[in-house]
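# Survey of secondary and tertiary structure
Listed below are the residues making up each chain.
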Amino acid sequence: MSDLLKRGRLLIPVLLLCALPFYLDAFWLRIGLFSMAAAIGAVGLGLLSGTAGQLSLGHAFFLAVGAYGYVWLAGEPGPGLPPAVALVLAVLLAGAAGGLFSPVAGRVKGIYLGVATLALVFLGHHVLLTADSVTGGFNGRSVPPLEAGGFAFDQGDDLTVLGVPFGAEERLWYLGLALFALTWFTARGLLRGRPGRALIALRDSETAASVMGVHVARYRSAAFVVSSMYAGLAGVLLALAFRRVVPDYFSLALSVDYLAMIVIGGLGSVAGATAGAVFVTALPLLMTRYADQLPLVAAPGSGDGSLGPTEAARYLYGAAIVVILLFAPDGLTGLARRVRARLARRRPPASAPSDPGAAPRTPATTVRAKEHTP
């Protein structure tokens, strides 16, 4: 019965997410697409920083490798491979880039690894601007639409499902759901298995982990490679959602955004990384749309020196990070866990039905009074 309830709790949100493209317009679907792409990348960074305890500021570099790798492999100039094959190869390319850096990740930790990965962002941005034949330079490149089995995830042919026209956003929505589901189940399986326990032991104490047989450098390197592959997959989905990639998007600010996602959501938690990704991604988009209705926030492009929606959103989730660190260091997932535990304690215990004809039972814990010697 408990397994049936768990499956029902999982099935309801899945059905709800599958039904949303029939009711939401393109703006809300784009927010969902960007949030799913950010959640995939945040889960990868959560495995590296939250579970393995490795600080990385170069996550934007691996997103750029995935995005530009797909564009070059599937486009012209480039090999012109089938887009589905290009997607897989772009993810593997991001993993290979992480593998080239993994010897550093296996031997360096803490702030030193953060500074080392920070160099990747500046190096990658320089390469994206100068390698015009591959990246298109400052103006970037348009993204070839994904095709699989003769079905194109773009605005090409007219497609209507149950009376609802399915454009690029509706089609990419289901692609994003499939990729996010793959990320969710693989990451949770990794955390619940032997590799996840080894990474947690490595985060808590390297000495204790090595005594238990954990190869410290190997697991650090493996965590970095897996995180890079998740980032590459997120980069491909972001490229498909944007339909054009430009170097300025993959900057240090994007890496900081991903750190904010996992801190707000909760380190070492797949659900927490997802919640933080939705919050950090959706907030600036919503503030941009409703800027004229918000106090102290100017509409984009007003040019009057007022606070723009993007800057206001950064201030807000910066304040959220401070509040989380002060009052809920384990993030939104830890806060939700404590709320559920408090509600469970307040719930009255279920009492067994009483039989009026039965004789009253003596509690098993009743202790017979000791007789004193006269």
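Structure: see above.
Described below are features of the structure shown in this document. Quick caveat, the model's predicted, so the values are computed rather than measured.

## Let's talk about the layout of surface pockets
Its boundaries defined by the atoms lining it, the largest pocket holds a volume of some 820 Å³. Counting residues per element, the ones that place at least two in the lining of the largest pocket are α1 (2-19), α2 (26-51), α7 (168-192) and α12 (270-289). Here the lining of the largest pocket gets 8 residues from one element, more than from any other, and that element is α7. Taken together, the residues that form the lining of the largest pocket break down as 23 nonpolar, 3 polar and 1 charged. The space that makes up the second largest pocket amounts to roughly 440 Å³. In terms of lining, the second largest pocket is formed by 21 residues, of which the most central are Y249, L254, D257, T281 and P284.

## A few points about helix α8 (residues 194-204)
Among all positions in α8, only G196, A198, L199, A201 and L202 are buried. Against the buried residues of α8 lie α2, α7, α9 (206-211) and α10 (216-242).

## Points about the pattern of salt bridges
Applying the stated criterion across every chain, the model contains 7 salt bridges. Among the ionic contacts, a cluster of salt bridges with common partners joins R30, E169 and R243.

## Observations concerning the environment of V226
Structurally, the position occupied by V226 is in helix α10. In this structure the C-alpha to C-alpha distance between V226 and A187, which are 39 residues apart in sequence, comes to 9.7 Å. Here V226 is in contact with L47 and L190, once residues within four sequence places are set aside.

## Quick word on helix α11 (residues 252-265)
End to end, α11 covers 20 Å across 14 residues, agreeing with the expected 20 Å (1.5 Å per residue, within 8%). Within α11 the residues assigned to the buried category are L254, S255, D257, Y258, L259, A260, M261, I262, I264 and G265. Positive phi shows up at G266, right after α11, with a value of about 125°.

## Regarding empty space enclosed by the protein
Inspection of every chain in the model, using the stated rule, returns 2 cavities of 30 Å³ or more. In terms of lining residues, the largest cavity is bounded by A42, V43, G46, L47, T51, L191, G268, S269, V270 and A273. At the level of secondary structure, the elements contributing two or more residues to the lining of the largest cavity comprise α2 and α12. Classifying every residue of the lining of the largest cavity gives 6 nonpolar, 4 polar and no charged. Every residue lining the second largest cavity is listed: A60, F61, A64, V121, G124, H125, L128 and F250. Broken down by secondary-structure element, the contributors of at least two residues to the lining of the second largest cavity are α3 (59-74) and α5 (111-130). It is α5 that provides the largest number of residues to the lining of the second largest cavity, a total of 4 residues.

## Observations concerning unusual backbone geometry
Cis rather than trans, the peptide bond between E76 and P77 has omega equal to 0°. Here P77 lies in the loop between α3 and α4 (83-107). Backbone geometry at R243 places phi at a positive 70°, although glycine is not the residue there. Relative to the helices and strands, R243 resides in the loop between α10 and β6 (244-245). When its relative accessible area of 42% is taken as the criterion, R243 is described as partly exposed.

## Quick look at the packing of aromatic side chains
Applying the stated criterion across every chain yields a total of 9 aromatic pairs. Here the aromatic cluster, defined as three or more aromatic residues joined through ring pairs, consists of F34, Y68, F242, Y249 and F250. The ring of F27 carries R289 above its face, with NZ or CZ at 4.3 Å from the centroid.

## Details of the packing of α4 against α10
Packing of α4 against α10 leaves a shortest axis separation of 7 Å and a crossing angle of 150°. Relative to α10, the element α4 lies roughly antiparallel. You can see that α4 and α10 cross each other, and the crossing is right-handed. Class assignment for the residues of the contact of α4 with α10 results in 13 nonpolar, 8 polar and 2 charged.

Each value, and the rule that gives it
- Residues numbered from 1 in each chain as written.
- Predicted model: local features only at pLDDT ≥ 70, side-chain atom pairs only at ≥ 80, totals over all residues.
- Heavy atoms only, no water.
- 1 Å grid on protein atoms, 1.4 Å probe; cavity = no way out; pocket = protein on both sides within 12 Å on 5 of 7 lines; lining within 4 Å.
- Points joined across faces, edges and corners; volume = space filled by probe spheres on them.
- Helix = DSSP H or I, 4+ residues; strand = E, 2+ residues; numbered from the N terminus.
- Nonpolar A, V, L, I, M, F, W, Y, C, P; charged D, E, K, R; others polar.
- Buried < 20%, exposed > 50% of the residue type's maximum accessible area, 1.4 Å probe, protein only.
- Contact = heavy atoms within 4.5 Å.
- Salt bridge = Lys/Arg side-chain N within 4 Å of Asp/Glu carboxyl O.
- Expected span 1.5 Å × (residues − 1).
- Phe/Tyr/Trp six-rings, centres within 6.5 Å; stacked < 30°, edge-to-face > 60°.
- Lys NZ or Arg CZ within 6 Å of the ring centre and 35° of its normal.
- Axes fitted to C-alpha atoms, helices over the stretch in contact; angles between N-to-C directions.
- Parallel < 35°, antiparallel > 145°, perpendicular 65-115°, else oblique.
- Left-handed = near helix turned anticlockwise from the far one by under 90°.

No statement about biological role is implied by the geometric values presented.
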